[in-house]
Amino acid sequence: MEDEFRFVLAPAYSLFVGAAVKKQSGEKIRFVVEDIDDEALKDSLRRAFKNHLDYLHESGGRAEKSAGRLEVSFVAGNRRKIRRYILKKHGEPWKLRVV
């Protein structure tokens, strides 16, 4: 069931905006963000995740309709942590130079 809800940010986008998926469990997700006070970014990530889940529900996939279980949270992190989460999600084929 976990894979049917999987939400992925493109590595280039993650590095550009300073955010990455830290952990996801179904309809609950936690992002690590470089600027924890950036409300515009957090709203954008919330909307993207909600739209992703709405699409899954409407497309008739195996995902069952949620009963308001959507949960999005954020933790502060630095560029190094964000790169680490990107590598964890996308593997080692491309190496990121930590500056």
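Every chain's residues receive numbers from 1 upward, in the order its sequence appears when written. Per-residue local features are limited, in this predicted model, to residues with pLDDT of at least 70; the limit for side-chain atom pairs, both in listing and counting, is 80 or more; totals at the level of whole chains, interfaces and linings are taken over all residues. Excluded from the side-chain calculation are hydrogens and water; included are all heavy atoms of the structure.

J.: Can you tell me about the pairing of strand β2 (residues 28-33), naming the residues and giving the values?
T.: We call two strands paired when DSSP finds no fewer than two bridges between them. Helical segments are the DSSP runs of H or I of at least four residues, strand segments are the runs of E of at least two, and each set is numbered from the N terminus. Two strands pair when backbone bridges link them, and strand β1 (residues 19-25) and β2 are joined in this way by six bridges, in the antiparallel orientation. For Ala19, the partnering residue across the bridge sits in β2 and is Val33. Hairpin remark: β1 followed by β2, antiparallel, with two residues in the connecting loop; positive phi at Gly26, about 60°. Bridge analysis of β2 against strand β3 (residues 71-76) gives six bridges, and the strand direction is parallel. When the sheet's bridge partners are listed, Phe31 is paired in β3 with Phe74.

J.: Provide a residue-level description of the confidence of the model for the protein chain, including the pertinent values.
T.: With 81% of its residues at a pLDDT of 70 or more, the protein chain has an overall mean of 85. pLDDT gives the predictor's per-residue confidence on a scale running from 0 to 100. The weakest mean pLDDT in the protein chain belongs to helix α3 (residues 79-90) at 88; the strongest belongs to β3 at 97.

J.: Can you lay out the environment of Lys81 for me, pointing to particular residues and giving the numbers?
T.: Note on placement: Lys81 falls in helix α3. For the exposure calls, accessible area comes from a 1.4 Å probe over protein chains only, and a residue counts as buried if that area is under 20% of its type's maximum, exposed if over 50%, partly exposed in between. With a relative accessible area of 34%, Lys81 lands in the partly exposed category. As for Lys81 and Gly18, which are separated by 63 residues in sequence, their C-alpha atoms are 9.9 Å apart.

J.: Describe the side chain of Gln24, naming the residues involved and giving the relevant values.
T.: Mapped onto the fold, Gln24 is located in strand β1. Whenever two N or O atoms come within 3.5 Å, that pair is a polar contact, provided that in protein one can donate a hydrogen and the other can accept it, and provided that, for residues adjacent in sequence, both atoms are side-chain atoms. Only 2.8 Å separates the side chain of Gln24 from the backbone oxygen of Phe5, close enough to count as a polar contact. Within the structure, the side chain of Gln24 is placed 3.0 Å from the backbone nitrogen of Phe7, a separation counted as a polar contact.

J.: Tell me about the packing of aromatic side chains, and please be specific about residues and values.
T.: Classification of ring pairs rests on two measures: the distance between centres of Phe, Tyr or Trp rings, Trp counted by its six-membered ring, which must be within 6.5 Å, and the angle between planes, read as stacked under 30 degrees, edge-to-face over 60 and tilted in between. One pass over the structure, following the stated rule, counts three aromatic pairs. The interplanar angle of 90° and the centroid separation of 6.2 Å between the aromatic rings of Phe7 and Phe31 together place this pair among those described as edge-to-face. Of the two residues, Phe7 sits in the segment before α1 (11-17) while Phe31 sits in strand β2, which places them 24 residues apart along the sequence. This pair shows no difference in class: Phe7 is buried, exactly as Phe31 is. Between Phe7 and Phe49 the ring centres are 5.5 Å apart and the planes differ by 80°, which places this aromatic pair in the edge-to-face class. A residue pair is termed long-range when its members are at least 10 positions apart, and Phe7 in the segment before α1 and Phe49 in helix α2 (residues 39-58) qualify at 42 residues.

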